[in-house]
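One letter stands for each residue in the lines below.
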Amino acid sequence: MGSLGLALSSMAAARPTPSLASFPSVPLSNNKYSASLHSSDSLETSRASFCLEISCHRRLPAELRWKMSAATRSGPVVAVAKPEPLKIIISGAPASGKGTQCELIKKKYGLVHIAAGDLLRAEIAAATENGKRAKEYMEKGMLVPDEIVVTMVKERLLQPDAQENGWLLDGYPRSLSQATALEDLGIRPDLFILLDVSEGILIERVVGRRLDPLTGKIYHLKYSPPENDEIAARLIQRFDDTEEKVKLRLKTHHQNVEAVLSIYKDVMLKVNGDAPIEDVFAEIDKALSSILEKKSKTDSSSMAAGMTH
Ligand code: AP5
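Cut-offs applied
Residues numbered from 1 in each chain as written. Predicted model: local features only at pLDDT ≥ 70, side-chain atom pairs only at ≥ 80, totals over all residues. Heavy atoms only, no water. Buried < 20%, exposed > 50% of the residue type's maximum accessible area, 1.4 Å probe, protein only. Helix = DSSP H or I, 4+ residues; strand = E, 2+ residues; numbered from the N terminus. Pairing = 2+ DSSP bridges. Phe/Tyr/Trp six-rings, centres within 6.5 Å; stacked < 30°, edge-to-face > 60°. Lys NZ or Arg CZ within 6 Å of the ring centre and 35° of its normal. Near = heavy atom within 4 Å. Polar contact = N/O pair within 3.5 Å; in protein donor to acceptor, adjacent residues only side chain to side chain. Areas by Shrake-Rupley, 256 points an atom, 1.4 Å probe, with all protein chains shown as cover. Nonpolar A, V, L, I, M, F, W, Y, C, P; charged D, E, K, R; others polar. Axes fitted to C-alpha atoms, helices over the stretch in contact; angles between N-to-C directions. Contact = heavy atoms within 4.5 Å. Expected span 1.5 Å × (residues − 1). Arc of directions from axis to C-beta.

Caption draft 1: Seen up close, the pairing of strand S5 (residues 87-92). Taking burial as the measure, the 6 residues of S5 include 5 buried ones, the bulk of the element. Relative to strand S7 (residues 167-170), S5 is paired through 4 bridges, and the arrangement is parallel. Opposite Lys87, over in S7, you have Trp167 as the bridge partner. Two elements, S5 and strand S8 (residues 191-196), share 5 bridges in a ladder whose sense is parallel. Counted as the bridge partner of Ile90 is Ile193 from S8.

Caption draft 2: Focus on the packing of aromatic side chains. Tallying each qualifying case throughout the model produces 1 aromatic pair. Plain terms: the ring middles of Phe192 and Tyr264 are 4.8 Å apart, the flat faces sit at 10 degrees to each other, and that makes the pair stacked. Of the two residues, Phe192 is situated in strand S8 and Tyr264 in the loop between helix H10 (243-263) and strand S11 (268-272); the sequence distance between them amounts to 72 residues. The pair formed by Phe192 and Tyr264 is uniform in burial state, with each residue classed as buried. The ring of Phe239 carries the charged tip of Lys135 above its face, separated from the ring centre by 4.9 Å.

Caption draft 3: Structural context of the site of the ligand. Around the ligand lies a shell of 35 residues, among which Thr100, Met142, Arg174, Arg209 and Arg249 are the nearest. A distance of 3.2 Å separates an oxygen atom of the ligand from a polar atom in the backbone of Ser96. About the coverage of the ligand: the protein hides 96% of its 1,000 Å² of free accessible area. The set of elements that each furnish at least two residues to the shell around the ligand consists of helix H2 (98-109), helix H3 (116-125) and strand S10 (218-220). Top contributing element to the shell around the ligand by residue count: H3, with 4 residues. Class assignment for the residues of the shell around the ligand results in 17 nonpolar, 10 polar and 8 charged.

Caption draft 4: Structural view of the sheet that holds S11. Strand order in this open sheet of 5 strands is S6-S7-S5-S8-S11, and the pairing throughout is parallel. The sheet is open, and its two borders are formed by strand S6 (112-115) and S11, each paired with just one other strand. Strand-to-strand, the axes of this sheet are offset by a mean angle of 20 degrees, without reference to chain direction.

Caption draft 5: Structural view of the environment of Ile231. Position of Ile231 relative to the elements: it lies in helix H9 (residues 229-234). Taking the C-alpha atoms as reference points, Ile231 and Leu211, separated by 20 residues in sequence, lie 9.8 Å from one another. Setting aside chain neighbours within four positions, we find Ile231 in contact with Asp212, Tyr219 and Pro226.

Caption draft 6: Molecular detail of H2. Between its terminal C-alpha atoms H2 stretches 16 Å, which fits the 16 Å expected from 12 residues at 1.5 Å a residue. Among all positions in H2, only Lys98, Gly99, Gln101, Cys102, Ile105 and Tyr109 are buried. Seen end-on, H2 carries its buried residues on one side only, within an arc spanning 155 degrees. Where H2 ends, the next residue or the one after it, Gly110, has phi of about 65 degrees, a positive value.

Structure follows, in structure tokens:
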């Protein structure tokens with residue numbers, strides 16, 4: 001089920017506050033779509049604002065989304081549509097900082113973080129058949145076979161929270177076949193972020209990485225140490241975070257990375273991942289803000305065009 005929120009602002013300058021009942025109902029209901037009008041109790045004296053929630057059982061066609069208009073007795077109505085949510089892929093070698101940046105992106109942009117490695121570790125923790133098979137590959141630093149990973153990621157991506165809030169795909173696709181599987185589903189990101197980190201730094205990051213099992217927060221003994229002794233005491237290390245295993249993971253990464261990059265050349269942002277965490281995020285943040293701005297401009301002009309027809 002999809003949903004679209006429209007904010008309707010009615011300017012009633014210098015007139016008494018209109019009551020909700022004085023607004024005509026907006027004819028937006030048929031067998032596919034239904035609408036409900038909510039108003040806040042605290043209407044200001046010169047301005048009323050309402051929120052129109054439209055629920056639909058199928059995805060609203062773009063044409064209908066922009067052609068919806070409404071009028072009130074007290075003045076013109078401005079309809080503001082939410083821009084399409086962001087769809088982002090983040091990629092890079094093992095320990096290049098993908099998970100760290102995802103935490104910051106998620107916090108600021110509210111995207112749903114989908115990490116292939118985390119989904120696999122959840123299968124391992126649940127001792128499923130897929131988890132048992134996946135662990136054999138992960139211990140050798142190899143890619144887990146597509147028949148496990150592709151469906152797992154696809155199902156997560158298509159869940160309503162990711163569709164409505166946007167998604168941040170971490171560590172997927174990692175091979176040409178995985179990228180092709182996304183393309184075949186018509187799933188394409190707005191931006192493909194590549195964290196570029198020198199090899200010596202990667203090994204140091206892997207070996208010093210620790211995880212807080214309670215909060216999921218990623219630490220590094222040198223670069224992001226735990227805030228206090230209590231947290232330090234409960235930190236754990238991932239089973240594949242040894243120097244020996246990271247070398248195997250790096251080898252797998254090098255064998256596949258070019259083929260994946262070739263699919264996303266036109267939407268790629270290469271970031272210097274050797275830089276401090278905040279600097280890496282600043283660059284990503286700038287790119288994401290600019291995409292969102294473009295999306296809302298495109299959406300507004302489509303809406304204006306739709307309303308004049
Ligand atoms: P996965 O869990 O995805 O591991 P990875 O790609 O090796 O990446 P990491 O999680 O190790 O690192 P990261 O880039 O998130 O870095 P982080 O932010 O933690 O995959 C594990 C395995 O699962 C794979 O080997 C494979 O077997 C399997 N798998 C996963 N996806 C698959 C797929 N699509 N297909 C098939 N198999 C798949 O940072 C690392 C450390 O550095 C931290 O301690 C952090 O604090 C520190 N740090 C981060 N940024 C900075 C910075 N800028 N400066 C200083 N320190 C930093």
